[in-house]
Amino acid sequence: MKTLILLFCLLTVTSVYTQTHEDAVNYVKDGIRLVDEGKLDEGIVSIKKALDIEPKNTTFNYELAFAYYKMGKYDKVITILEKVKNNPDSYDIVYSVLGNAYDILGDRDKALEIYKAGLKKFPNSGKIYLELGVVEMSEKNYEEALKYYEKGIKAEPTHPSNYYWASIFYAASDIPMWGLIYGELFLNLEQNTKRTETISKMMYKVYSESITFKDSAGKKNTTIKLNKFNNGKGFDSEYEITAMYASFGLAADSNFREMNISAMNKLRNEFTDMWYTSERTKNKHNVLFDYHKMLQDKGLFEAYNYFLLAYGNTDEFNTWAAENKDKVKEFDDWFSNYGINLTRENALYRKIEK
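Residues numbered from 1 in each chain as written. Predicted model: local features only at pLDDT ≥ 70, side-chain atom pairs only at ≥ 80, totals over all residues. Heavy atoms only, no water.

**Let's talk about empty space enclosed by the protein**
According to the stated counting rule, one finds 2 cavities of 30 Å³ or more in the structure shown. By volume, the second largest cavity amounts to about 30 Å³. Secondary structure elements with two or more residues in the lining of the second largest cavity: helix 15 (301–309) and helix 17 (325–335). (1 Å grid on protein atoms, 1.4 Å probe; cavity = no way out; pocket = protein on both sides within 12 Å on 5 of 7 lines; lining within 4 Å. Points joined across faces, edges and corners; volume = space filled by probe spheres on them. Helix = DSSP H or I, 4+ residues; strand = E, 2+ residues; numbered from the N terminus.)

This is the structure we're talking about:
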């Protein structure tokens, strides 16, 4: 009889725990939704109900801290995250947000301490490398900031923000080609944001200012300012890089009068053809150029190029899209389900100095 009573008690406790955990998860989901909607006070109430059930849950504590972060209550963020940052189930963004809170409150040394502790625990966190880059950038240590962004790309190639900042830096440098490469990878990872618009405009500007066509006594001259290009992972020599982008000149159509999206699409297609047929480069692979070839083979490369550069010339893009609705739909359907496959093994980045 005692055995039956004990079994009944165990089954009852297990049932209550399972239901209670589900309730806690639902409270947190509701809280996250409310926070996302800007209803911060209501969201906090809901998340606290989950914490009444599971007070040590790292994710629940993080979501509460993040709500307070959005409210600007950084002392509360620190109090909450300091208690859970060393939990066995902690994760990199806990250190990222905690360090940010210290930084905003003016304790930059403590912020750096937190970021570096997080990086020691999560060495492949692009998010923490990003925060270290932001700190260096705020101190106007731009070269150090760039190193952190590129280390973040190497460590976590699917995190878009490191590409964003690296592309901004390089677009304004004397090697703008890396601005184009990082910018394009960013646009594959993040869409429909203000940053998307910024990078699309930047890419269009770099192309249009770096490649110009001029008639001289009836002869077409091509000026290219993209080939000052330091070596990087996926590229074997400075000669190849220079030859590679000089090949844009070979693609210059005699009818071109400006570097609009149509011209850029033409040049990018011609370059892809050249790269995969030239004896010097046809067996040299990197993830971005192989992606171009795949899109070209699928008949999606034109739509992809217009997508990349749309914000640089919205009138031209809108005209093309209105005349090519089938191409737009085919690309949208494909891109929403597939895309470039970035891994630490195939990540594309410049050689990083320590």
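That covers the picture; the talk isn't over yet.
**Here's the deal with the packing of helix 9 (residues 160–171) against helix 10 (residues 177–189)**
Two elements in contact, helix 9 and helix 10, have axes separated by 8 Å at closest approach and are oriented at 155°. Between helix 9 and helix 10, the interaxial angle falls into the category roughly antiparallel. For the element pair helix 9 and helix 10, the recorded crossing hand is left-handed. Each of P160, Y163, Y164, A166, S167, Y170 and A171 in helix 9 lies in contact with helix 10, whose residues at this interface are W178, G179, Y182, G183, L185, F186 and L189. (Axes fitted to C-alpha atoms, helices over the stretch in contact; angles between N-to-C directions. Parallel < 35°, antiparallel > 145°, perpendicular 65-115°, else oblique. Left-handed = near helix turned anticlockwise from the far one by under 90°. Contact = heavy atoms within 4.5 Å.)

**Observations concerning the packing of helix 4 (residues 74–84) against helix 5 (residues 92–104)**
With their axes 9 Å apart at the nearest point, helix 4 and helix 5 run at an angle of 145° to one another. Pair helix 4 / helix 5 crosses with left-handed handedness. Contact with helix 4, carried on its side by Y74, V77, I78, L81 and E82, involves V94, V97, L98, A101, Y102 and I104 of helix 5 and no other residues of that element. Broken down by class, the residue content of the contact of helix 4 with helix 5 amounts to 10 nonpolar, no polar and 1 charged. (Nonpolar A, V, L, I, M, F, W, Y, C, P; charged D, E, K, R; others polar.)

**A look at the packing of aromatic side chains**
Scanning the model with the defined rule gives 27 aromatic pairs in all. Seen from their ring centres, Y164 and W165 are 5.1 Å apart, and the 85° between their planes marks the pair as edge-to-face. Under the relative-accessibility criterion, Y164 is labelled buried at 10%. Between the aromatic rings of F331 and F335, the centroid separation amounts to 5.1 Å while the plane-to-plane angle is 20°, which identifies the pairing as stacked. You can see F331 and its partner F335 sitting in helix 17, 4 residues apart, about one turn around the helix. As far as the burial class goes, F331 and F335 line up, both buried. Here a set of aromatic residues connected by ring pairs shows up, and it is made of Y291, F301, Y304, F307, F331, W334, F335 and Y338. Geometry around Y68 places K76 over its ring, the cationic atom sitting 5.2 Å from the centre. (Phe/Tyr/Trp six-rings, centres within 6.5 Å; stacked < 30°, edge-to-face > 60°. Buried < 20%, exposed > 50% of the residue type's maximum accessible area, 1.4 Å probe, protein only. Lys NZ or Arg CZ within 6 Å of the ring centre and 35° of its normal.)

**Some points on the side chain of N324**
By secondary structure assignment, the location of N324 is in the loop between helix 16 (314–323) and helix 17. A distance of 2.8 Å separates a polar side-chain atom of N324 from the backbone oxygen of W320. (Polar contact = N/O pair within 3.5 Å; in protein donor to acceptor, adjacent residues only side chain to side chain.)

Take it as geometry only, folks, not as evidence of what the structure does.
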